[in-house]
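Now for the letters of each chain:
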Amino acid sequence: MRTLGLVLVAALAISGCFGVDRNNFKTCEQSGFCKRLRALKPEKSQYVLNLDTVIVHGNVLSAEVNTMDYEGDKKVVLWHYALRLSALVDGTFRIEIDEADPLYPRYRTQLALDGEPAADGLRLASNENGKLTLINTQGHKVVITADPLKFEFLNQKGEVAVVVNENSQLFVEPLRVRKERVDDEDGQALDVEDESAWSENFKTHHDRKPRGNEAVSVDVSFPDADHVYGIPQHTDRFFLKTTTDGEPYRLYNLDVFEYELDSRMAIYGAVPVMYAHGSSRSAGVFWHNSAETWVDVVNYAEGNVVSSLVNLVTGGQKRKVDARFMSESGIVDVFVLLGDRPADVFRQYTRLTGAAPLPPKFSLAYHQSRWNYVDEADVRSVDENFDAHDIPADVIWLDIEYTDRKKYFTWDPEKFPRPAEMVANLTAKGRKLVVIIDPHIKREAGYFVHEDAQDNSYYVKDKDGKDYDGWCWPGSSSYLDFFNPAASKYYAERYRFENFPGTSKDVHFWNDMNEPSVFSGPEITMPKDNRHYAPPVDGADGLSSFWEHRHVHNEYGLWHIRATKQGAMDRTNGKYRAFILTRATFAGTQRYAAVWTGDNMAEWGHLAATVPMCLSLGAAGISHCGADVGGFFKYPESELMTRWYQAGAFQPFFRAHSHIETKRREPWLYEPATTALLRDANRRRYALIDFWYTLFYEHSIDGLPVMRPLWQEFPEERDTYAIDDQYLLGDKLLVRPVTEPGVSSVKVYLPGKDARVLWYDVDTYKMIPAQGYLNQDVNIAKIPVYQRGGSVVPRKERVRRSSALMADDPYTLVVALDHNNTATGTLYIDDGETTDYTDSQYIYAKITYEPSAMTYSFDSRKSPHNSEFLSGFIFVNENAHFPTRSWLERIVIAGIKTPPKTAKLHQEEKQTALQMTLHKGNDVLVVRKPGASMAKPWKITFSY
Ligand SMILES: *[C@@H]1O[C@H](CO)[C@@H](O)[C@H](O)[C@H]1NC(C)=O
Ligand SMILES: *[C@@H]1O[C@H](CO)[C@@H](O)[C@H](O)[C@H]1NC(C)=O
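The structure displayed is predicted, hence computed values, not measured ones. (Residues numbered from 1 in each chain as written. Chains lettered and ligands numbered in written order. Predicted model: local features only at pLDDT ≥ 70, side-chain atom pairs only at ≥ 80, totals over all residues. Heavy atoms only, no water.)

## Considerations on the packing of helix α8 (residues 485-494) against helix α10 (residues 556-570)
Describing two packed helices takes the angle between their axes plus the distance from one axis to the other. For clarity, the threshold we go by: Comment: axis = line fitted to C-alpha atoms, over the contacting stretch for helices; angle = value between 0 and 180 degrees taken between N-to-C directions. Numbering goes from the N terminus for both helices and strands, where a helix is a DSSP run of H or I of at least four residues and a strand is a run of E of at least two. Angles below 35 degrees are treated as roughly parallel, those above 145 as roughly antiparallel, those between 65 and 115 as roughly perpendicular, and all remaining angles as oblique. Helix crossings get a hand from a simple test, with the near helix turned counterclockwise from the far one by less than a right angle marking a left-handed crossing and a clockwise turn marking a right-handed one. Two residues form a contact once any of their heavy atoms are found within 4.5 Å. Only Asp, Glu, Lys and Arg are considered charged in this grouping, and only Ala, Val, Leu, Ile, Met, Phe, Trp, Tyr, Cys and Pro are considered nonpolar; every other residue, Gly among them, is considered polar.
The interhelical angle for the contact between α8 and α10, taken along N-to-C directions, is 45°, at an axis separation of 7 Å. By the angle between their axes, α8 is oblique relative to α10. In terms of crossing hand, the pair formed by α8 and α10 is right-handed. Contacts between α8 and α10 involve Ser-488, Tyr-491 and Ala-492 on the former and, on the latter, Trp-559, His-560, Ala-563, Thr-564, Gln-566 and Gly-567. Its residues assigned to classes, the contact of α8 with α10 comprises 4 nonpolar, 5 polar and no charged.

Structural data, given as structure tokens:
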């Protein structure tokens, strides 16, 4: 929630003039390094590897790289660089290029990686004709050409999957000392320095650039790729477009008021991972850099923008995508992910940056938020209205106004005098509270956080080393410097129950404004020459004793949520899982928090944008993604609100939220017919709550997106590559939300024709063989969702007030048969809130159906994908168990051709004959009340 003052918002609302103020944000042309690097287009790379210096030791090749120039015929070395190429497990390589002897250390991004990546073996296979060939233990190869420097990465089939520096755009601007001005006798400067190297202006803001130019860039080519994807967060399509006709995609965490759609402008998040996909393979690169970054893309198969150029270069249409990453500072540090199936590249990325740990179950249910629920009575009435209208809800949210005048870790004493009782009232129904805590701190004498931060030097400093003073919600504000371990520790401790009275284990946190948002700063964020903590090093002074904000900007929010997560876990000594929502994102965010897409608008286009935006974040490791349901700004009329609830019910993070100036819009405030539709959408979510929970458990093990592009599961099917208005949940449900007004049918693509995949409409169990596009009739109640044949989906049909109250309820298993009359599925069960699952207190069951029998078993084997996973991933454990009281109420088998005559349940020593009903016409067999306990394995045998 946000921003430039209510007066402005109100004025805009009245004039009806909504839209981003582009003038507040830089174009590439206005960003010194972007302009500089984009203009550099050498015919031949100046970078040359010195073959005499090559050493291969362990998993690392190291060598000296030099930039060379010619003076006449003479080659001269301009600058020395150090190259490290490392082989990492699971088909990943890393290239690092730093100056051999930099004037000061160059910043290396600190928090994105989930620990040191695990090494693979690396062998130098040949060194001849100026080319080195290296091989890892799995048969992936790297061919390095020395002059000019080029890296080709080959997959196990020997195909070139990724090329680095093919287009000669590798650059590392060396750090240097500013030359003293030397004048001649007439007072004219001799040797004039380029002033832009040492300062930059944007609007009224001046950036001192004390280290001068220090940009880095690299180009990456993906042969045979149809498209590239990733580098969230943007409001553009899921696949990335050629940028040569305009702005590059920008990655710079910014609080963009009323962001616009179909744009490459930077918004709140920046995850510099890119995936390429085509029918031959998938591959990817992760650009490990936290500074402002711009990314150019050229898709040679795309339209006519570059086709003449392509024909010139390749002599015909060839599939290939080139990309170029340009960052303001840091080193060249690029991970190459060699796939080569989509799931492989997604996993390779989360293996580096981590998967999300299992979230508390309530966080997958429905959340009700608004800026603001104004007082305790308001909270109580919202809470009671959910019950009065029989609409399930798990969480009520409080935005900034709950605080004592925007001082975080306090409550407004008039409006929220009894927070502990308010929370207890919610938890009595299994509900939770989430409160907002932002990183800016009100500069007010007597406010304990401010005084402690000031006294202990916990604030980010300005360019002169004084506490930086910016403008945010509280007015004059300073920002905690989470890079300082003492500041992070102090902040984490604020979350302890004794330090934040009124909170309990059922109060969770929303970290907003952590780009960071600074209303008075350049581009509504912090000046780049602000100073952050750097660990003290002997003899380090001046520029070596701090990092500038420019180095760490995109990482700031990550440090913020890390401190919050630490505090939220520590307050219960790690006993209860904590839920955090963040707005800023970077690589690794998934380890700490869920994400929403920020301040969107109650417009159909914004509803449609939720799908590509969350697909992109999901592919970038951040599965727990959602958008403000209903839209933050403006008011959604009934049809839009209905479609948005229906879409949100099938997206990972499901929260309604709205701006303070908009009309109230809790579900019961619409006319009864609409309220009924919103209720129905919520109830569908709750019926599938254990399906969602199982998907997130599986994500925590395999690191794969929960919300998936179709091409992840159908990589050869070219028609799926550009589809971003529908998606898969796991590999089981296909969702195509209705995001258009006034439609009576929508186009849906059902993939898998060649593999004879069957799909089942989840509302009717009607079987639809995969056939590509079809028209699906949609009345206002219809949410097009299809279950894949061959899958089993667990449901809970007795929807209650909150997910916690449904914990012991019985299950319905929906079995959708494939062509072979078989199906498999999984079910994860635990207590939903503690960390006891890390101590084997859970069930991870495998469910299989064959015509002769259906089994529910506790698989003790590790799945092949996770056997080598880094620490932090939990393996399927053979001793795991959980004493659930849930039982099996019903089995629905869809697509049955020959129904069995009898069914018998076997559990422990008992055998029970079961009743069945056949629903002819749609070939659905229902096994009624098997009554098996879900705490123990069971088997049902069928006879014909
Ligand atoms: C808690 O619920 C009780 C019973 O409904 C009510 O009287 C009380 O005012 C509530 N407390 C708060 C702080 O909302
Ligand atoms: C059916 O079973 C055969 C043999 O196991 C397998 O090759 C095929 O992929 C299966 N077909 C479907 C649609 O699952």
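## Details of the site of ligand 2
Counted only if it meets this: Only a single heavy atom is needed: when it lies within 4 Å of a molecule or strand, its residue is near that molecule or strand. Distance and chemistry together define a polar contact, namely a pair of N or O atoms within 3.5 Å, with one atom able to donate a hydrogen and the other to accept it when in protein, and with adjacent residues in sequence counting only for side-chain atoms on both sides. To be clear on the numbers: accessible area is Shrake-Rupley with a 1.4 Å probe, and residue cover counts the displayed protein chains and nothing else.
In the vicinity of ligand 2, the contacting residues are Ala-755, Asp-818, His-819 and Asn-820. One of the side-chain nitrogen or oxygen atoms of Asp-818 is found 3.4 Å away from an oxygen atom of ligand 2. Notes on ligand 2: free accessible area 360 Å², of which the protein chains cover 34%. Of the residues contributing to the shell around ligand 2, the split by class is 1 nonpolar, 2 polar and 1 charged.

## Things to note about the sheet that holds strand β37 (residues 727-729)
As a reminder, the rule being used: DSSP bridges decide pairing: two strands pair if at least two such bridges lie between them.
The strand order β36-β37-β38-β43-β40-β41 describes an open sheet built from 6 strands, whose pairing is antiparallel. Edge positions in the sheet fall to β36 (707-708) and β41 (767-769), since each has one partner strand and no second. For β37 and strand β38 (residues 733-735), the ladder comprises 3 bridges, and the chain directions are antiparallel. By the bridge assignment, Leu-729 is partnered in β38 with Leu-733.

## Considerations on the site of ligand 1
The environment of ligand 1 is made up of Glu-376, Arg-380, Arg-418, Glu-421, Met-422 and Asn-425. Between ligand 1 and the protein, one listed contact pairs a nitrogen atom with a side-chain N or O atom of Glu-421 at 2.7 Å. In this structure, Asn-425 approaches ligand 1 through a side-chain N or O atom, which is 2.3 Å from an oxygen atom. In isolation ligand 1 offers 360 Å² of accessible surface; the protein chains occlude 65% of this area. Every element with two or more residues in the shell around ligand 1 is listed here: α5 (376-388) and α6 (419-427). If one sorts the elements of the shell around ligand 1 by residue count, α6 sits on top with 3 residues. Tallied by class, residues from the shell around ligand 1 come to 1 nonpolar, 1 polar and 4 charged.

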